[in-house]
Amino acid sequence: MDYLNSFMHDGSGGVPSKDAFLRQQSRTGRKEKQQRNVKQSTASAAAITVARRFAHQDFGQAMTDSDSSSLVQLSQKLPVIVLGFPKSGTTSIWSYFNCSNVRAQHFCAYGDLQDAPPCSKATMAECVLYNMAEGRRMFDGCGNYQVYAQIDGERPKSRGWGTLYENGTRIKDVAFGHFLPQHFNLEVIHNDYPEATFILPLRDPADWAKSVMHWFQMKRWILNEYMAHDSSITIPAKRAGFLDAFLQRVYVEHTQVVRDFVAKHPSHAYIEVNLTDPNAGSVMSKSFGLSDKCWGHHNKKESHDKLVRFPKAKAVDSISAEQQANGWKPIKLASPIISLGYPRSGLADLWAYFTCEGMPTQRRCAYGDVSDASPCDKGTMSECILNNMADERPMLEGCGDYQVFVQIDGERPKQPGLGMLMNDGSHRKDAAFGHFLPQHHQLERLHRENANATFLLPVKDAEEWALSVLGFFSMKRWIINEYMLHDSSIQFPDYGKPRKDFLMKIYQEHNDYVQHFFRDKQSTLVVVNTSDPNAGKILASSFNLHSSCWGTNGTRTEEEDVPKKTKLKKLDLSKVGELAIAKAVEREMKAAERKRQKEDELAAERMVHRTKLSLPEPVIVVGFPKSGTTSIWNYFNCSDVVAQHYCAYGEINDAPPCQRGTMASCIINNMGQNKPLFDKCGDYQVYAQIDGERPKQPGLGMRFENDTWSLAAPFSHFLPQVFNLDDIHRHYPDATFVLPLREPMVWAYSVMHWFMMKRWIINEYMSKNSSLEFDMIGYGDQRRAFLAKVYDDHSRNVREFVKKHPSHTLVEVNITDPNASKIMSYAFGLSETCWGHKNKKEEHAKIADRVVGALSQGKFVDAESVEDIPAPVVEFKKKLPLSLPVIVVGYPKSGTTSIYNFFTCSDVVTQHYCAYGDTSDAPPCEKGTMAECILMNMAEGNKMLEGCGDYQVFAQIDGERPRDKRKRIGMLFENGTRSLDAPYAHFLPQHFSLDKIHSDYPDATFVLPLREPQVWAYSVMHWFMMKRWLMNEYMAKNSSITLADIGYGDERRDFFAKIYQEHTDMIRAFVKNHPSHHLVEINITDPLAGTIMADAFDLDASCWAHHNKKEEHDKIANITNSKLTQPKEIQ
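Below or above, wherever it landed, is the structure these notes cover. Residue positions are given per chain, counted from 1 along the sequence in the order it is written. Since the coordinates come from a predicted model, pLDDT governs what is reported: local features require at least 70, and pairs of side-chain atoms require 80 or more to be given and counted, while whole-chain, interface and lining totals use all residues. The basis for every side-chain value is the complete set of non-hydrogen atoms in the structure, without hydrogens or water.

Moving on to the overall build of the chain. Numbering of helices and strands runs from the N terminus, with a helix taken as a DSSP run of H or I at least four residues long and a strand as a DSSP run of E at least two residues long. From N to C terminus, the chain includes 40 helices and 39 strands. The cut-offs for exposure are 20% and 50% of the maximum accessible area for each residue type, with area from a 1.4 Å probe on protein chains only; residues under the lower value are buried, those over the upper are exposed, and the others partly exposed. For the chain, with 1131 residues in total, the buried portion stands at 57%. Whether two residues touch is decided by their heavy atoms; if any such pair falls within 4.5 Å, the residues are in contact. For the chain, contacts bridging at least 24 residues in sequence account for 71% of all contacts bridging at least 6.

Right, here's the structure in full:
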């Protein structure tokens, strides 16, 4: 059969596997069945034919000759499809056509003309897979391109769904695969496009295999794809040379498969071009009637894998011209230079030194990336080395043409579904994160493969290094885990001194081991103490470079080097002569003295520039979050006082993201090591917010004060000002406390509407009090009353604590008090004018006016009294003649963006998708989505739109159901429950919660935008994953609906058209039964739509026609307008 040529044959030339053959046969059978269904329904077939013909004119399916009249004409039939494998020259093909003004695609889809990820919408592989799953032609809706230069790509994988396959199924626990339709689906391409022009770019198989081997994880993904199609392919125990031979074989086989296929199907024009052929441009020019001047545009990103084996170290006079052209610099010792120091040993200083000298220098990253920190552009050096070791290649081969390797260690890469990468290429799911240390555990192999290189060992005091590692995120754990991986007798040391002693021990052992290893080796080892003020001179003397580059940030200066800060070092005296000992000790003592003098000078300078406070420092704000901490921070910051808020380590910004870390994380780290709470967290005068989310690490879980971790614990908000006041007093007995206050119920309301803070605070209290149960907290008013109570209790506890510990001064200030500025000014001796800077993000909880009377009297306001106070009246710039709020009850993709643009153009405050005052019309939202806000309100018994933003018009209230990013508590439902197992769904309150909308807003005005149901269905079917999310929502609400009922292709489109019409009928019937609502019904394709909207809302009709530009890909509105009913009059 012809199908056989579209599959990979085994090495013996046998037939493809039975499973692969049956899969292909099943897909063909399904396609024939769908074609029969289309023939049985004349009306449906006519509609689809019209839709496809119209789609050709925009961002629909693949172009034909008749569709390309406005573009550059090619001498071959369209579409032109490149059948070459990735890394075989597809970018060169794309560049050639793109330079010739031909509409060409590469990797991305949906009209995207760029040639590499990230794609603005989605990849071509994803679009093709969805089309195959639903029985459509491969390129339908993927973009109206003339040339498809790369149709393969990574198979899409979604959380909770798994990897997508051609038949529409998804598998969760499957390895990543690279979808190759040009090989495994050639027959489908032919059936869909029987006269397409094929291009096959060629390279030498060995060169192609080497290129793929060095292109991230492509080699593994291609192998996984072949293994998924042929179960007889297995990975041998000894992998050396296996992947390279396998890739060469499948490349040759693919070339032959394409040639045989074209020979059997002469309807296709076929152009074969060898990219290394000097006449390649001429071949392309003659084939397509274009100029050959555009040939030669190649994939610049391929430059990082030049396929040159890592060069052996050479003497200075042997550096090649190519290396000099790449930036290599002649030095006294042999190149390359490989650093064997542990992380946190001064590697950043070394990188800056060699970079300042203009030498290609690596640190952490690989593949030509010369940046000194993550994120890396292409991958880390540890990942490259591990992959090379797994494939039994030289450790540094293909990792980048660097003259200096400063940091070859790093975190072991971990892949979802596979686990952590080990040295032999295997993956372990159960392994804890480890920090790969080839400079220690693979030193012998590293030296054997680079015997002529110069090795560099940066060192520092062992105790100083251990303290640095202990304070650097989770590096201590990863290094200990790595040692435990190599030595099962090692037990994880306890926190505090035992852990520090263990780190000191392994650090000293590593430095001793390296120096002992090179005693009998001919290679050069340079040992430099990076804390030594003469380190720059030692490096300059060793490598014949400049000492002035030491101590810079990578930029050469002409000034003499400034001595580096240092501590008195513990020297290894066993290998140094007595005279050298005396000189070294004298040098270290002088360095330590200079350091002390320098620090004293810097401290004095800092104190000169600081504003003196009249109360003792540190000043610690002990109020709850959302109680005015931002106002306190702004006050001190405006007064030139060094103040902290949320972030730590010297940062003075007031909100995340933090560049180095949060104060909560720093405090928890210090408490785990029995150090003062603010030790090395930043030299601040005022600590305005010391609480924050507890740090969480993959594979470890959430961190607690005793340095333990828990994977099972839910997210919580660390509150040291509540549960650790005794620790604060012990370390800072004279600290000044500031207690900002708000009315408890107002604070509770603010927290209830600040993302997930209410849950995190509740989780923290429940973790501290096992008798506290979730049922006792409840929802709605009960939860608000609980939060108000804990707030009031905390204020009382702080007052009583200060009474028992009179060494503290307590400044208590109500942030809504008109005299707040005077209180702060009197207490700290600062100006009153700086008061009044408040957190603008708190404006979404504008309920202060409802309790202003109670605030002035210092009363506690409970839930009942708040409800009795009338809500403030919001004044809008533009008045509307119909009742507010105006709620659009149409389905997504039915014209909600057009409605939004109409009102926005008319200066009406309008929402679309986002909430909390955000007036943008599309994600990402600044604070949250309207769907999320409504669901939380429904879960807590509030009105649906309460606290979601002061809008006149709510243009899109539906949206994706919120789900925690790490799936800790699952997808949210209306009753407040969450499910980890539920698939993603699209929340539709305008359909399933109409009664709730009516009860909360009985006089609301409804707007129902309409499209022809089949047109709407087509649009939804081509809008990313919306079709699946809508299906899941309907199936969740109606257990009688199954995926089999919905089907694929035309059957699924009919299902969507049916539910759309049912929703329209339901809205009309609902308004008839509830005449308090006005209903404005409008067909967005009606030429009079703008007039209808203008008459209904007394606005200018000229604002109509502002539409969702993203909807242009499905401009099929002219299909069956006659089926729509005429717009209704306003009820």
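Each aromatic ring pair is described using two quantities: the centre-to-centre distance and the angle formed by the ring planes. Stacked, edge-to-face and tilted are the three classes for Phe, Tyr and Trp ring pairs, Trp counted by its six-membered ring, which pair at centre distances within 6.5 Å; planes under 30 degrees apart are stacked, over 60 edge-to-face, the rest tilted. The full count for this structure, using the stated rule, is 48 aromatic pairs. Between the aromatic rings of Tyr483 and Phe502, the centroid separation amounts to 6.4 Å while the plane-to-plane angle is 85°, which identifies the pairing as edge-to-face. Of this pair, Tyr483 sits in helix α17 (residues 475–486) while Phe502 sits in helix α18 (residues 497–517), placing them 19 residues apart in sequence. Judged on exposure class, the residue Tyr483 and its partner Phe502 are both buried. Relative to Tyr687, the ring of Tyr684 lies with its centre 5.6 Å away and its plane at 80°, an arrangement referred to as edge-to-face. For the pair Tyr684 and Tyr687, a shared accessibility class is recorded, and that class is buried. One aromatic cluster is present, formed by Tyr891, Phe992, Trp1016, Tyr1034, Phe1055, Phe1056 and Tyr1060 through successive ring pairs. Definition used: whenever NZ (Lys) or CZ (Arg) falls within 6 Å of the ring centre and also within 35 degrees of the ring normal, the charge is taken to sit over that ring. Across the ring face of Phe517, the terminal group of Lys521 is positioned such that the distance to the ring centre comes to 4.1 Å. The ring of Phe715 carries the charged tip of Lys696 above its face, separated from the ring centre by 4.2 Å.

Any two cysteine sulfur atoms lying within 2.5 Å of each other are counted as a disulfide. Enumeration over the complete set of coordinates arrives at twelve disulfides. The disulfide partner of Cys647 is Cys658, and the S-S distance across this bridge is 2.0 Å. Sign of the S-S torsion, about -80° for the bond between Cys647 and Cys658, identifies this disulfide as left-handed. Here Cys647, found in the loop between β22 (643–644) and α22 (663–672), pairs with Cys658, found in the loop between β22 and α22; they are eleven residues apart in sequence, far enough to count as distant.

Of the consecutive residues Ser335 and Pro336, the connecting peptide bond is found in the cis state with omega at 0°. Here Pro336 is to be found in the loop between α11 (321–325) and β11 (337–339). Omega for the bond connecting Glu617 with Pro618 falls within 30 degrees of zero, at 0°, which places this linkage in the cis form. If you trace the backbone, Pro618 turns up in the loop between α20 (578–609) and β21 (619–621). The phi dihedral of Arg344 is positive, around 75°, even though this residue is not glycine. Within the secondary structure, Arg344 is located in the loop between β11 and α12 (347–356). Look at Lys626: it is not a glycine, yet its phi comes out positive at around 70°. Mapping Lys626 onto the fold places it in the loop between β21 and α21 (629–638).

Right, let's talk about the pairing of strand β38 (residues 1005–1010) for a bit. The buried fraction of β38 is high, at six of six residues. Taking every second residue as pointing to the same face, both faces of β38 are buried, with Thr1005, Val1007 and Pro1009 on one and Phe1006, Leu1008 and Leu1010 on the other. Here, a strand pair is defined by DSSP locating no fewer than two bridges between the strands. Here three bridges tie strand β31 (residues 886–888) to β38, and the two strands are oriented parallel to one another. Following the sheet pairing, Val888 is matched in β38 by Val1007. Bridging between β38 and strand β39 (residues 1078–1083) involves six bridges; their strand directions are parallel. Within β39, the position partnered with Thr1005 by the bridge is His1078.

This brings us to the pattern of salt bridges. Should a side-chain nitrogen of Lys or Arg be within 4 Å of a carboxyl oxygen of Asp or Glu, the pair is scored as a salt bridge. Summed over all chains, the structure comprises 37 salt bridges. Across the salt bridge formed by Arg393 and Asp391, the nearest N and O atoms sit 3.0 Å from each other. Note on accessibility: Arg393 and Asp391 belong to one class, buried. What emerges from the salt-bridge pattern is a single network uniting Glu134, Arg136, Lys1027 and Arg1052.

Under this scheme, a helix contributes an axis fitted over its contacting stretch, all axes are lines through C-alpha atoms, and angles between N-to-C directions fall in the 0 to 180 degree range. Taken N-terminus to C-terminus, the directions of helix α37 (residues 1026–1037) and helix α39 (residues 1049–1073) make an angle of 60°; their axes are 12 Å apart at the nearest point. With respect to each other, α37 and α39 are oriented oblique. Between α37 and α39 lies a crossing whose hand is left-handed. Residues Lys1027, Leu1030, Met1031 and Tyr1034 of α37 lie in contact with α39, whose contacting residues are Arg1052, Phe1055, Phe1056 and Ile1059. Considered class by class, the residues forming the contact of α37 with α39 number six nonpolar, no polar and two charged. Each angle receives one of four descriptions, namely roughly parallel if under 35 degrees, roughly antiparallel if over 145, roughly perpendicular if within 65 to 115, and oblique otherwise. Two helices that cross are described as forming a left-handed crossing if the nearer one is turned anticlockwise from the farther one by less than a right angle, and a right-handed crossing if clockwise. Throughout this entry, Asp, Glu, Lys and Arg are counted as charged residues, while Ala, Val, Leu, Ile, Met, Phe, Trp, Tyr, Cys and Pro are counted as nonpolar. The remaining residues, Gly among them, count as polar.

Another aspect to go through is the sheet that holds β21. Strand order across the open sheet formed by five strands is β22-β23-β21-β29-β30, with parallel pairing between neighbours. Each of the sheet's edge strands pairs with one partner strand only, and the pair in question is β22 and β30 (809–814). Relative to strand β23 (residues 686–687), β21 runs parallel, the two sharing two bridges. In the sheet register, Val619 faces β23, and the bridge partner there is Val686.

As a further point, take the sheet that holds strand β1 (residues 80–82). Spatially, β2-β3-β1-β9-β10 is the arrangement adopted by the five strands of the open sheet, whose pairing is parallel. With partners counted over all chains shown, the strands left at the sheet margins are β2 (104–105) and β10 (270–274), one partner each. As paired elements, β1 and strand β3 (residues 147–148) share two bridges and run parallel to each other. Pairing of Ile81 across the sheet is with Tyr148, part of β3.

For this analysis, a nonpolar core means a set of buried residues of the types Ala, Val, Leu, Ile, Met, Phe, Trp, Tyr and Cys, connected via side-chain atoms within 4.5 Å. Grouped together as the largest cluster of nonpolar side chains are 52 residues, with contacts concentrated most on Met124, Phe139 and Tyr226. Put simply, the parts of the chain that give this core at least two residues each are α4 (124–133), α6 (186–192), β9 (197–202), α7 (205–213), α8 (218–229) and α9 (242–264). Looking at which element gives the most residues to this core, the answer is α9, with ten residues. Ranked by size, the runner-up nonpolar core spans 49 residues in total, among them Leu972, Phe987, Leu994 and Met1031.

The topology assignment puts Ser282 in helix α10 (residues 280–288). Separated by 13 residues in sequence, Ser282 and Trp295 place their C-alpha atoms 8.5 Å apart.

Turning our attention to the environment of Glu1033. Turning to its location among the elements, Glu1033 is positioned in helix α37. Each C-alpha atom of the pair Glu1033 and Tyr984 lies 8.3 Å from the other, and the pair is 49 residues apart in sequence. Contact partners of Glu1033, with chain neighbours within four places excluded, come to Arg961, Ala985, His986, Phe987, Leu988 and Phe992. For Glu1033, the side chain forms a polar contact with the side chain of Arg961, separated by 2.8 Å. Pairs of N or O atoms within 3.5 Å make up the polar contacts considered here, provided that, within protein, one atom can donate a hydrogen while the other can accept it, and that residues adjacent in sequence are counted only when both atoms are side-chain atoms.

Residues separated by three or four positions in an α-helix point in the same direction, a consequence of the helix having 3.6 residues per turn. Multiplying 1.5 Å by the residue count of a helix minus one yields the expected span of that helix. Across its twelve residues, α8 extends 17 Å between first and last C-alpha, which sits within 8% of the 16 Å expected from 1.5 Å per residue. The buried fraction of α8 amounts to nine of the twelve residues, a majority that puts the element mostly inside the structure. Of the residues making up α8, those classed as buried are Met218, Lys219, Arg220, Trp221, Ile222, Leu223, Glu225, Tyr226 and His229.

We now examine the packing of helix α16 (residues 462–470) against α17. In the contact formed by α16 and α17, the axes pass within 7 Å of each other and the chain directions differ by 110°. The orientation of α16 relative to α17 falls into the category roughly perpendicular. In this structure, α16 contributes Trp465, Val469 and Leu470 to the contact, and α17 contributes Met475, Lys476 and Ile479. Looking at the contact of α16 with α17 residue by residue, the classes come out as five nonpolar, no polar and one charged.

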